[in-house]
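Examination of the molecular architecture
Chain residues, written in single-letter form:
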Amino acid sequence: MSRLPIVVLISGGGTNLQAIIDAANRDLPVEIKAVISNHADAYGLERAKQAGIPTAVLKHRDFPDRDSFDAALMKLIDSYRPGLVLLAGFMRILTPDFVRHYHGRMLNIHPSLLPDFQGLHTHQRAIEADVQKHGASIHFVTEELDGGPIILQASVPVLPDDEADNLAARVLEKEHIIYPLAVNWFAQGRLLLNDADQVVLDGKIIDSPVQLEQAPR
Ligand code: GAR
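In this report, we go over the structure that sits alongside the text. (Residues numbered from 1 in each chain as written. Predicted model: local features only at pLDDT ≥ 70, side-chain atom pairs only at ≥ 80, totals over all residues. Heavy atoms only, no water.)

1. Structural notes on the sheet that holds strand β1 (residues 4-10)
Pairing is mixed in the open sheet, where 8 strands are placed in the order β3-β2-β1-β4-β5-β6-β7-β11. Each edge of the open sheet carries a strand with a single partner, namely β3 (55-57) and β11 (210-211). The pairing of β1 with strand β2 (residues 30-37) spans 7 bridges and is parallel. Counterpart to P5 in the pairing with β2 is E31. Across the sheet, helix α6 (residues 164-187) is in contact with β1, β2, β4 (84-87), β5 (106-110), β6 (133-140), β7 (150-157) and β11; its angle to β7 comes to roughly 155°. (Pairing = 2+ DSSP bridges. Helix = DSSP H or I, 4+ residues; strand = E, 2+ residues; numbered from the N terminus. Contact = heavy atoms within 4.5 Å. Axes fitted to C-alpha atoms, helices over the stretch in contact; angles between N-to-C directions.)

2. Re the site of the ligand
Near the ligand, the surroundings consist of G13, G14, T15, N16, G89, M91, I109, H110, P111, L172 and E175. Residue G14 places a main-chain N or O atom 2.7 Å away from an oxygen atom belonging to the ligand. Interatomic distance of 3.3 Å between a side-chain N/O atom of H110 and a nitrogen atom of the ligand. Relative to its unbound accessible area of 450 Å², the ligand is 83% covered by the protein chains. Every element with two or more residues in the shell around the ligand is listed here: α1 (15-26), β5 and α6. Of the residues in the shell around the ligand, the class split is 4 nonpolar, 6 polar and 1 charged. (Near = heavy atom within 4 Å. Polar contact = N/O pair within 3.5 Å; in protein donor to acceptor, adjacent residues only side chain to side chain. Areas by Shrake-Rupley, 256 points an atom, 1.4 Å probe, with all protein chains shown as cover. Nonpolar A, V, L, I, M, F, W, Y, C, P; charged D, E, K, R; others polar.)

3. Details of the layout of surface pockets
Rolled over the atoms, a probe as big as a water molecule pinpoints where empty space is left. If you add up the space inside the largest pocket, you get close to 940 Å³. Contributing to the lining of the largest pocket are 36 residues, with G89, F90, M91, I109 and P111 lying nearest its centre. For the lining of the largest pocket, the per-class residue count stands at 15 nonpolar, 16 polar and 5 charged. Of the pockets and cavities examined, the second largest pocket occupies roughly 260 Å³. In terms of lining, the second largest pocket is formed by 13 residues, of which the most central are R26, D27, I177, P180 and L181. Listing elements by their share of the lining of the second largest pocket, those giving two or more residues are α1 and α6. Here the lining of the second largest pocket gets 5 residues from one element, more than from any other, and that element is α6. For the lining of the second largest pocket, a count of residues per class yields 7 nonpolar, 3 polar and 3 charged. (1 Å grid on protein atoms, 1.4 Å probe; cavity = no way out; pocket = protein on both sides within 12 Å on 5 of 7 lines; lining within 4 Å. Points joined across faces, edges and corners; volume = space filled by probe spheres on them.)

4. Section: helix α3 (residues 66-78)
Taking 1.5 Å of rise per residue, the 13 residues of α3 would be expected to cover 18 Å, and the 18 Å separating its terminal C-alpha atoms lies within 8% of that figure. Of all the positions in α3, only F69, D70, L73, M74 and I77 are classed as buried. Down the axis of α3, the buried set is contained in an arc of 135°. They therefore lie on one face. The exposed set on the far side of α3, more than 90 degrees from its buried face, consists of D67 and K75. On its buried side, α3 packs onto β1, β2, β4 and α4 (96-101). (Expected span 1.5 Å × (residues − 1). Buried < 20%, exposed > 50% of the residue type's maximum accessible area, 1.4 Å probe, protein only. Arc of directions from axis to C-beta.)

5. Considerations on the sheet that holds strand β9 (residues 199-201)
Across a sheet, strands are paired by hydrogen bonds formed along the backbone, either parallel or antiparallel in direction. Taking strand neighbours across the sheet as the criterion, the 3 strands line up as β8-β9-β10 in an open arrangement whose pairing is antiparallel. Looking at which strands have only one partner, the edges of the open sheet turn out to be β8 (191-193) and β10 (204-205). Here β8 pairs with β9 via 3 bridges, running antiparallel. Bridging across to β9, L193 finds its partner in V199.

6. Some thoughts on the side chain of N16
Here N16 shows up in helix α1. Setting aside residues up to four positions removed in sequence, N16 forms contacts with A88, I109, L172, E175, H176 and Y179.

7. Side note on the pairing of β7
When you tally the buried positions in β7, you get 7 out of 8 residues, the bulk of the element. Alignment of β7 against β11, held across 2 bridges, turns out to be parallel. Directly across from L152, in β11, lies its bridge partner V210.

Function cannot be read off these values alone, since they describe shape.
Following this line, the structure appears as structure tokens:
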């Protein structure tokens, strides 16, 4: 099968990037054309270099405003001609123009069971809200922050003694399973966003996010 060219955007450690790299080294039909970070010291850049993947750094602080940064980022991404853009811990709010440009071909991973806990500090907030279940979601990116159509989720229990760090680690393990899985669907042409912004998987509109336990492979 031909490999889908992708670009991955990161801001930090890049463990989700690593999960995609590892999957691509097995059977995920993607070619990571580049890893781009807005922080020069993001450890994920090191992971990319070790895997022989081109890297680029575009510092948002070098730009006067959000519009000019996003325009430069768009130009940089498009120079690699990706069929799919992955946000993998890319901690930036994106402009509507940027999001519209990648409509239907940009995915994000968010560390909560969306629509719960959009935004930051999701693990601490889940503990404080005393929920029994927490998790992670993969969604298409639309103009609503952390609000795009949800594709796939995985949950973990929240245990009585949990602190944000160990809950985050438990969720991260699931993230590393669901991101390659959703990317695989997209790369195989099984997943798309239709004109009404609905998620279509294997020819069927999904009314609610697929849960990992029930997910087709
Ligand atoms: C992951 O937990 C990801 O879900 C989260 O950042 C972390 C990045 O970890 N993303 C967001 O919070 C986006 N709103 P990683 O760099 O090790 O992949």
